[in-house]
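Below, each chain spelled out in residue letters.
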Amino acid sequence: MPSKNTVCLWYDGTAEDAARFYAKTFPNSSVDAVHKAPGDYPSGKQGDVLTVEFRVMGLPCLGLNGGPIFPQTEAFSFQVATDDQAETDRYWHAIIDNGGQASACGWCKDKWGVSWQITPRALTQAITHPDAATAKRAFDAMMGMGKIDIAVIEAAVNSPQLGKKI
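Conventions and cut-offs
Residues numbered from 1 in each chain as written. Predicted model: local features only at pLDDT ≥ 70, side-chain atom pairs only at ≥ 80, totals over all residues. Heavy atoms only, no water. Pairing = 2+ DSSP bridges. Helix = DSSP H or I, 4+ residues; strand = E, 2+ residues; numbered from the N terminus. Axes fitted to C-alpha atoms, helices over the stretch in contact; angles between N-to-C directions. Contact = heavy atoms within 4.5 Å.

**Q** I'd like to hear about the sheet that holds strand β5 (residues 77–82), residue by residue, with values.
**A** In spatial order, the strands read β5-β8-β7-β6; together these four strands make up an open sheet with mixed pairing. What marks the edges here is a single partner per strand, and that holds for β5 and β6 (101–102). Across three bridges, the pairing between strand β7 (residues 107–109) and strand β8 (residues 115–120) is antiparallel. Among the inter-strand pairings, Cys108 is bridged to a residue of β8, identified as Trp116.

Shown next, in the form of structure tokens:
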């Protein structure tokens, strides 16, 4: 029985490939069902994979092979909270090294165009620090990064000198 609320992602014929990649890459992820089209449709034929039910880190999703009409945009992203640099690096490189694309501030895009935020918990804590100057130093450090470097964020938090103009 499908979940009451499910994220639906539109793909151009590659929903099953994407779902299998996510299931292989992220814990608590799976491909739960693959459904074939019972008839022809605008971007496919009867018997083609129409939808794929899958989970990404426990989040129920439905991949719809709807064709090229609606490509993915950064308006939707998966945000993955990581516990350390090794986990950050592992997810970042799994996406980038599998045909993905790096972006800024911890964002990247997989080869299907789905955006991901690989966000260390240390970054979230730093940019929401109760001391505004500390949060700003961490934020400024993040703004110059692609993949987040936790050591650089921690250095910004711990060094008031980084926020001063010389």
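**Q** Quick one: what's the story with the sheet that holds strand β3 (residues 49–56), residue by residue and with numbers?
**A** What links the strands of a sheet is backbone hydrogen bonding, and the strands pair in either a parallel or an antiparallel sense. One open sheet accounts for four strands, arranged β1-β4-β3-β2; its pairing is mixed. On the outer flanks of this sheet lie β1 (7–11) and β2 (30–36), each paired with one strand and no other. Going from strand to strand, the sheet's axes swing by 20 degrees on average, the running direction of each strand aside. As judged from the six bridges shared by β3 and strand β4 (residues 59–65), these two strands associate in the antiparallel manner. When the bridges of β4 are listed, Val52 appears paired with Gly63. Set on the sheet, helix α1 (residues 15–25) makes contact with β1, β2, β3 and β4; between it and β3 the angle comes to about 15 degrees.

**Q** How would you explain the pairing of β4 if you had to name every residue and give the values?
**A** Relative to β4, β1 is paired through five bridges, and the arrangement is parallel. When the sheet's bridge partners are listed, Cys8 is paired in β4 with Leu62. Here β3 hands over to β4 after two residues, with Met57 in that stretch at a positive phi of 50 degrees.

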